[in-house]
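One-letter residues, chain by chain:
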Amino acid sequence: MRVKDTSIQAFWSEKLGFRLGKQAALVLDNLNIYGPGTRTDLATRCDLKINVICGRVNELEKAGCIEVCDIVQDPTTRKKVELLRVKGDTALA
């Protein structure tokens, strides 16, 4: 584990009051920095596989950290996909 990853994890654990895993902290950090995105966007931006992203998104949704803000059409598949964002009280504004 890199120091950067540990620092991100520690920051979110302190802010939220519970421990997030390294990948969940990375996803949450990414949404805070770059704004809303689909699961595919997050997989690309975080350099993680889509199945890993889906698991972390589910974890973060259950914890109340992120929410669906819109339904958009994927430009490649033309399927409707969820656009995710950080919930208001979790944002770093």
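Let us look at the structure shown here.

Rules used in this analysis
- Residues numbered from 1 in each chain as written.
- Predicted model: local features only at pLDDT ≥ 70, side-chain atom pairs only at ≥ 80, totals over all residues.
- Heavy atoms only, no water.
- Salt bridge = Lys/Arg side-chain N within 4 Å of Asp/Glu carboxyl O.
- Helix = DSSP H or I, 4+ residues; strand = E, 2+ residues; numbered from the N terminus.
- Buried < 20%, exposed > 50% of the residue type's maximum accessible area, 1.4 Å probe, protein only.
- Pairing = 2+ DSSP bridges.

## Overview of the pattern of salt bridges
Side-chain pairs of opposite charge can arise whenever the charged atoms involved come near each other.
Here's step 1: Applying the stated criterion to the full structure yields 4 salt bridges.
Here's step 2: Residues R39 and E82 are paired through a salt bridge, measuring 2.9 Å at the closest nitrogen-oxygen approach. Separated by 43 residues along the polypeptide, R39 in helix α3 (residues 39-46) and E82 in strand β2 (residues 80-86) bring together distant segments of the chain.
Here's step 3: Exposure remark for E82: the relative accessible area of 30% places this residue in the partly exposed category.
Here's step 4: R56 is the salt-bridge partner of E59, the closest N and O atoms lying 3.0 Å from each other. Here E59 pairs with R56, and both are found in helix α4 (residues 50-62), just 3 residues apart, close to one helical turn.
Here's step 5: Given a relative accessible area of 23%, R56 falls into the partly exposed group.
Here's step 6: Here the residues in one salt-bridge network are R39, E61 and E82, joined through shared partners.

## Overview of unusual backbone geometry
Here's step 1: In this model, D47 sits at a positive phi of 60°, which is unusual for a non-glycine residue.
Here's step 2: By secondary structure assignment, the location of D47 is in the loop between α3 and α4.
Here's step 3: A positive phi angle, near 65°, is found at R78, a position not held by glycine.

## Looking at the pairing of β2
Here's step 1: Pairing analysis gives 7 bridges linking strand β1 (residues 66-73) to β2, with the strands arranged antiparallel. Its bridge partner lying in β2, V68 is registered against L84.
Here's step 2: Counting the residues between successive antiparallel strands, the hairpin from β1 to β2 contains 6 residues, one of them, R78, with a positive phi of roughly 65°.

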